[in-house]
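Descriptive structure summary
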Amino acid sequence: MRNMDRVIFGCLLVAGLGVGSSAMACTTDGWLGGTSGDTQVGSPTTISRVSELCALKLATTGYVQDNNPAHTRMIARFYVWPQLSGSGTADVFVAYDNDAGTGPLFKVSFDGTNFLFDATDAGGGSGSTAAVSGWNLVEVDYNSDSNTFSYWLNSDATSESADGSFASGSGTVQAVQLGLPNGLGGLTGSVSFDSYESHSTTPVGPLLIGDANADDTVNIFDYSAVQQDILGNLQTGQPDCNLDGSVNIFDYSCIQQVILGG
């Protein structure tokens, strides 16, 4: 499995502990490093999601771990919604140079206002960008071969310049943890995660926002899909068009703006 260069965190690859049976087909198959802590996959009617029928939510220490990467370059994309307050800094994504998770190379953290990108443990640099309310799109490109680390926050890594870049330092990514591997770091509240994907060579980019029925296009049929989702007939696409954490009538307007090119 070490030659895999792509890991997806979505409907079928979400980890959960201590959760009763539900109508979802969520497994830990994509996370060979397993799970730790109280990682909660709840019913989609109670846990917000960006896409498909699963999302991960944490209110204490816990994570899912992938031991696949084995790359000196790693590109990772995920959505995260920090519902946190107080003073402190919570790590939400950490990459390590070993499967034991003891040699950090870089991490993404949240300090209550900003997302922090830090590769100083590998001898690199750091940067930060202000978060927005609701779901945030995070993408990072760690490239030890060229000694560069780039990050995008709520922008498209496939077509837009990075929001920040600095030296990556050196080391091979052997494992990553998504969640709260070091707890809330003094903050209080919870953090939600969804739609993790990683590559070794190419940018990932965002989901197709507003594609509620998962047909790879945004059109009038997505209005009906949102309506069905509101009525409890959960859709497998991306019904939360405005990424505010819930599917409601405001997503109709968002889809209209997407169709009109706004």
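Structure report, in brief. Numbers given for residues are sequential positions, taken from 1 along each chain in its written order. For a predicted model such as this one, the threshold for reporting local features is a pLDDT of at least 70, and the threshold for listing and counting side-chain atom pairs is 80 or more; totals across whole chains, interfaces and linings nevertheless cover every residue. Values shown for side chains rest on all heavy atoms present in the structure; no hydrogens or waters enter the calculation.

Remarks on the state of the cysteines
- Disulfides are defined as pairs of cysteine sulfur atoms found within 2.5 Å of each other. By the definition in use, this model includes 1 disulfide.
- There is a disulfide in this structure between Cys 241 and Cys 254, and the S-S distance comes to 2.1 Å. On the sign convention where negative means left-handed, the S-S torsion of about -65° between Cys 241 and Cys 254 marks this disulfide as left-handed. Here Cys 241, found in the loop between helix H1 (221-230) and helix H2 (250-260), pairs with Cys 254, found in helix H2; they are 13 residues apart in sequence, far enough to count as distant. The exposure classification of Cys 241 matches that of Cys 254, with both residues buried. Helix numbering and strand numbering both begin at the N terminus, where a helix is a DSSP run of H or I of at least 4 residues and a strand a DSSP run of E of at least 2. Exposed residues in this analysis have more than 50% of their type's maximum accessible area, buried residues have under 20%, and partly exposed residues fall in between, with area computed by a 1.4 Å probe over protein chains only.

Here's the deal with H1
- Buried within H1 are the following residues: Asp 222, Ala 225, Val 226 and Asp 229. The buried residues of H1 occupy an angular sector of 100° when projected down its axis, which confines them to one face.
- Positive phi shows up at Gly 232, right after H1, with a value of about 100°. Read the arc as the range of directions from the helix axis to the C-beta atoms.

Things to note about the packing of aromatic side chains
- For Phe, Tyr and Trp, rings pair up if their centres lie within 6.5 Å, where Trp contributes its six-membered ring, and each pair is then called stacked (planes under 30 degrees apart), edge-to-face (over 60) or tilted (otherwise). This structure, assessed with the given rule, holds 11 aromatic pairs.
- Pairing Phe 117 with Tyr 151 gives two aromatic rings, centres 4.0 Å apart and planes at 10°, and the pair type is stacked. Placement of the pair is Phe 117 in strand S8 (residues 114-118) and Tyr 151 in strand S11 (residues 148-153), with a sequence separation of 34 residues.
- The class of Phe 117 is buried, set by a relative accessible area of 0%.
- Among the aromatic side chains, those forming a connected cluster through ring pairs are Phe 78, Phe 93, Phe 106, Phe 117, Tyr 142, Phe 149, Tyr 151, Phe 166 and Tyr 196.

Details of the side chain of Ser 48
- Mapped onto the elements of the fold, Ser 48 is located in the loop between strand S2 (34-37) and strand S3 (56-58).
- Polar side-chain contacts of Ser 48 include one of 2.3 Å to the backbone oxygen of Gly 245.
- Any two residues whose heavy atoms approach within 4.5 Å at even a single point are treated as in contact. Setting aside anything within four residues of it in sequence, one finds Ser 48 in contact with Ala 55, Trp 81, Trp 135 and Gly 245. The definition of a polar contact used here is a pair of N or O atoms within 3.5 Å, where within protein one atom must be able to donate a hydrogen and the other to accept one, and adjacent residues in sequence count solely through side-chain atom pairs.

Some points on the nonpolar core
- Think of a nonpolar core as a cluster: buried Ala, Val, Leu, Ile, Met, Phe, Trp, Tyr and Cys residues, connected wherever their side-chain atoms sit within 4.5 Å. Among the nonpolar cores identified, the biggest contains 36 residues, and Phe 93, Phe 106, Phe 117, Val 140 and Phe 149 are the most heavily contacted of them.
- Take this core: its biggest share by element is 5 residues, from strand S5 (residues 73-85).
- Non-local contacts of Phe 117, meaning those with residues more than four positions away in its chain, are made with Lys 107, Val 108, Gly 125, Ser 126, Gly 127, Ser 128, Thr 129, Val 138, Val 140, Phe 149, Tyr 151 and Phe 166.

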